[in-house]
Amino acid sequence: MNSVLGTSGVVLGVTASLLGVVTLAVGLRRGRADLLRTGWSYSLLVLLGAIVSVVAMQRALITRDFSVAFVHDHGSSRTPPLFNVATMWSALEGSILLWALILAGFTVHIARKFRQRLSDPLVGWALLTMLVVCAFFFLLMLGPANPFTSVTVPAGYDGPGPNPLLQEHILMAVHPPMLYLGYVGFTVPFAFAVAALATGRLGEGWLIETRRATLMAWGFLTIGIILGAWWSYEVLGWGGYWGWDPVENASLLPWITGTAYLHSVMVQERRGMLRVWNLSLLCATFSLTILGTFLTRSGVLESVHAFSDSDIGAWLLTFFGLTVAVTLGLIGWRGDRLRSPGRIDSPLSREGAFLANNVLFAGFAFVVLLGTVFPLLAEVVQDRPVTVGPPYFDRMTIPIGIALLFLMAVAPVLPWRKASSELLSQRLVWPAWGGALTLFAVVTIGARGLAPILAFGLAGFAGGAALRQVALATRRQGWRGLVGRTNGGMIVHLGVVIVAVAIAASGSYVTESEARYAPGETRVVGGHEITYLGTREVQERNRLATKVSVRVDGGKVYEPSLSQYPGFGSLIGTPSVKTGLQEDVFLSISRLPQQEGGEVTLRVIIEPLALWLWIGGGVMAFGTVLAAWPGKRRRPTDPTSAPVAEEDPEPPAAEPRRPEPVGVR
Amino acid sequence: MRSFLRSTRFRRGSWLVIVALVVVALVRNGVDERPTTNEDRVRSIASTMKCPVCRSQSVADSDVAAARAIRVEIARRVGAGESDDQIRDAIADTYGEGVQLTPRAGGLAGLVWILPVVAVVVALAALSAAFARWRRTSPTSATEADRALVDDALQHR
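All of these numbers come straight from a predicted model, not from anything done at the bench.

Calculation criteria
Residues numbered from 1 in each chain as written. Chains lettered and ligands numbered in written order. Predicted model: local features only at pLDDT ≥ 70, side-chain atom pairs only at ≥ 80, totals over all residues. Heavy atoms only, no water. Domains from an automatic or database assignment. Salt bridge = Lys/Arg side-chain N within 4 Å of Asp/Glu carboxyl O. Polar contact = N/O pair within 3.5 Å; in protein donor to acceptor, adjacent residues only side chain to side chain. Nonpolar A, V, L, I, M, F, W, Y, C, P; charged D, E, K, R; others polar. Contact = heavy atoms within 4.5 Å. Buried area = accessible area lost by both parts, 1.4 Å probe. Phe/Tyr/Trp six-rings, centres within 6.5 Å; stacked < 30°, edge-to-face > 60°. Helix = DSSP H or I, 4+ residues; strand = E, 2+ residues; numbered from the N terminus. Buried < 20%, exposed > 50% of the residue type's maximum accessible area, 1.4 Å probe, protein only. Lys NZ or Arg CZ within 6 Å of the ring centre and 35° of its normal. Expected span 1.5 Å × (residues − 1). Pairing = 2+ DSSP bridges. Core = buried A, V, L, I, M, F, W, Y, C linked by side-chain atoms within 4.5 Å.

With that out of the way, let us pick up the domain arrangement of chain A. Many analyses report the size of an interface as the accessible area lost when the parts associate. Residues and elements named next belong to chain A. With domains assigned, chain A is organised as domain 1 (1–157), domain 2 (163–351), domain 3 (408–509 + 616–628) and domain 4 (511–611). Averaged C-alpha coordinates put domain 3 and domain 4 at centres separated by 38 Å. Put simply, domain 3 and domain 4 have zero salt bridges between them. If you look at where domain 3 meets domain 4, you find zero residue pairs in polar contact (both at pLDDT 80 or more). Of the residues contributing to the side of domain 3 that touches domain 4, the split by class is four nonpolar, one polar and no charged.

In structure tokens, the structure reads:
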């Protein structure tokens, strides 16, 4: 029943998106507005298909319908309700389903937003592109990632439940949807980029149409990445939050190119330059979401040979190749219209800083991509395995990060066109005070190491520059000085500064100890008293947990645990963290007592400022909302230099008056 | 007070003090580096070796027996006074090249270090070429046709 319902949803999705693609293509070719207007109905049908499938999947999970293969493999009657809902995105097929749902949602959103302009070829092409992507993801669910395959089950069968690591923390219910909202959100600007190329309307109009969508996609991706890091900190007991794992890199790559785009697009809006570059960044961002899915879902990274075990790898790689080929072809074909007459007068200008930003972000993306796929390439060329691990990424990306912090300090005060040194000295003096005093203070209180202290000092500098902008803007405009792209962007910068400080501190000044504790014994680790109280076993619905009680600083008792999940071999460790504004005390169990009343081996990690990572992430998200806040924005096509006519004291009620520009003719 | 804070004299003085503060801090950071203990060395070496049975954790971060054994081995060699590179090579000889989290500089694996440098050099060269080209061309000025286009666009908004 659920299988049939779900499959019919998928079939509806495939049919509607393919029919939509054909209809829109014919409409565009013949210039038939009536056909173009059907884009709205087709996108609704695609969304309906996705909703039907998701409802069927959730229904199967909730009723534990083990005749659905996905539930058979990943569901269980023991899984608690919330994690049962989240089971859908705990494995490949269900996460493709979630992807399709979000993608269909975005398609309907675009069709609705532009419902007055559906016959406009630009919108037609954008919807067509989105429907092509929809068709691909629905086809995946008919082919290699079918979530609704049915199986026959013996009576009394119970499934293993989702991967135990995913049942440990509530963040797992939130992190994947956020990440996917970000990934999939970038399809919107990508679709408009393709539309602009196809129609040849390469002016700045399409950038402005998709500005908010891009910003929201970026915001969701940011939240998704930060929540992922938080989850890994709270669940994986190694005391870190970022391990340069391919899965993490796959989420970081589109974020890097997306961030580069958000900055360089301003040069295009303002100066009409960097058109090819911006199109390339958008296409790269979208392709990287597909490539990332390929890398993490095809099993190719465990071994090149695992690739042939599943079909999904071939599908994703083909789609990735097609995307790259089509976009490169389009950009080459429109090459003559993409050239811009503008020029950048001086490297010491806002646009010069954006260029430098883009070089750094491109280098960043290149290093992460190279490090992620290098073991793969090496395995193909030679037979010996090569590992590229965190030390490589750290060494390559820390200098880039420090250079970006420096740029974050200087760029916001730079004017367009050209800056004089006098102006720079005047605008930078207060931020520089902030940076120098921070640097001096951290060295005085004992921080050592070039990279972290530079990060602190430059964070002070960049934070000062952002605060200066916010202070000036709010003095001029009141609360409106906090919203809009520039001002909201400065709040995002503050969030980045907080995150940078947290990364530098928690990465460089960790105190760690691994020691044996007899019951009642107290040891001091990094100034914290750790007392081992005892061990108890707790039978929970989905696991048998052995909890170790540890009193920290004579206060609250924390309980790191080791759990046995039925159906899974190894023990799953769950750390327990005492969170503080200054530092976290991270507790995990290395070895349980061998007999009653024996010694436990505990790992205690003191991580300074770790909490500020999540706070910084929150500030970034808040800044993104402020930046996307609808304000009394000037119409981008209005001339900025021409004075506008005085407001009429009694404007005629019939038609809102447009201010007449004077002095242009 | 306000006018003093905005004066050129204050600003010049500020920059001097700022530079002095930065120099003092950097020098102080450079002079008294903390002495590295043997435990620090063990941890730093262990964090560059991959735990041979884990997915992507380092020997320093992993709790499995194999990682613990390697940590003990590293500690023994550090105690015996071997250099960091000697220890890394010895571990790689036992467990295979794949346990090195940082690829070595030589051979094919060296490309992973060289390519980013090449990319940066190419990017900088391209940028400076672009700036040189921009400097040669004079800024374009609007023609009559351009003005007509703008007028037309403004009238038909």
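Each side of the interface is counted separately: chain A has 65 residues, and chain B has 55 residues. Carbon and sulfur atoms supply 63% of the area buried between chain A and chain B, which totals about 5,400 Å² over both sides. Among the residues of chain A in contact with chain B, Arg-343, Thr-387 and Arg-448 of chain A are the three that bury the most area, contributing 13% of the side total. At the boundary of chain A and chain B, one finds three salt bridges. Of the charged contacts, one joins Glu-422 of chain A and Arg-11 of chain B as a salt bridge, the two residues approaching to 3.0 Å between their closest N and O atoms.

This paragraph deals with the packing of aromatic side chains. All names here are of chain A. Taken as a whole and assessed by the stated rule, the structure comprises 23 aromatic pairs over all chains. Relative to Tyr-157, the ring of Phe-66 lies with its centre 5.4 Å away and its plane at 80 degrees, an arrangement referred to as edge-to-face. With Phe-66 in the loop between helix 3 (39–62) and helix 4 (69–74) and Tyr-157 in the loop between helix 7 (121–142) and helix 8 (171–185), this pair connects stretches of sequence that are 91 residues apart. Under the relative-accessibility criterion, Tyr-157 is labelled partly exposed at 25%. Here the aromatic residues Trp-99, Phe-136, Phe-137, Tyr-180, Tyr-183 and Phe-319 are joined through ring pairs into a cluster of three or more. For Arg-334, the ring lying beneath its charged end belongs to Trp-333, and the centroid distance is 4.0 Å. Over the ring of Tyr-517 we find Arg-523; its NZ or CZ atom is 5.3 Å from the centre of that ring.

What follows is about helix 5 (residues 84–95) of chain B. Residues and elements named next belong to chain B. For helix 5, with twelve residues, the first-to-last C-alpha span of 17 Å sits near the 16 Å given by 1.5 Å per residue. Residues of helix 5 that are buried include every one of Ile-87, Arg-88, Ala-90, Ile-91 and Ala-92, and no others. Taken from the residues just after helix 5, Gly-96 is the one with a positive phi, measuring 95 degrees.

Our next topic: the pairing of strand 6 (residues 561–564) of chain A. Within a regular strand, the side chains alternate between the two sheet faces. Residues and elements named next belong to chain A. Two elements, strand 4 (residues 544–552) and strand 6, share four bridges in a ladder whose sense is antiparallel. Directly across from Leu-544, in strand 6, lies its bridge partner Gln-564. Sheet analysis places strand 6 next to strand 7 (residues 572–574), joined by three bridges and oriented antiparallel. Bridge pairing links Ser-561 to Thr-574 in strand 7.

This part takes up the nonpolar core. Across soluble globular proteins, nonpolar side chains have a tendency to be buried as a group. All names here are of chain A. One finds Phe-137, Phe-138, Trp-206, Trp-255, Phe-364 and Tyr-392 to be the most contacted residues of the largest nonpolar core, which totals 155 residues. Looking at which element gives the most residues to this core, the answer is helix 7, with 14 residues. Not counting residues up to four positions away in its chain, the partners in contact with Trp-206 are Leu-122, Pro-189, Phe-192, Ala-193, Ala-196, Arg-201, Tyr-261, Leu-279 and Leu-282. Ile-402, Ala-447, Ile-453 and Ala-500 belong to the second-largest nonpolar core, a separate cluster that totals 35 residues.

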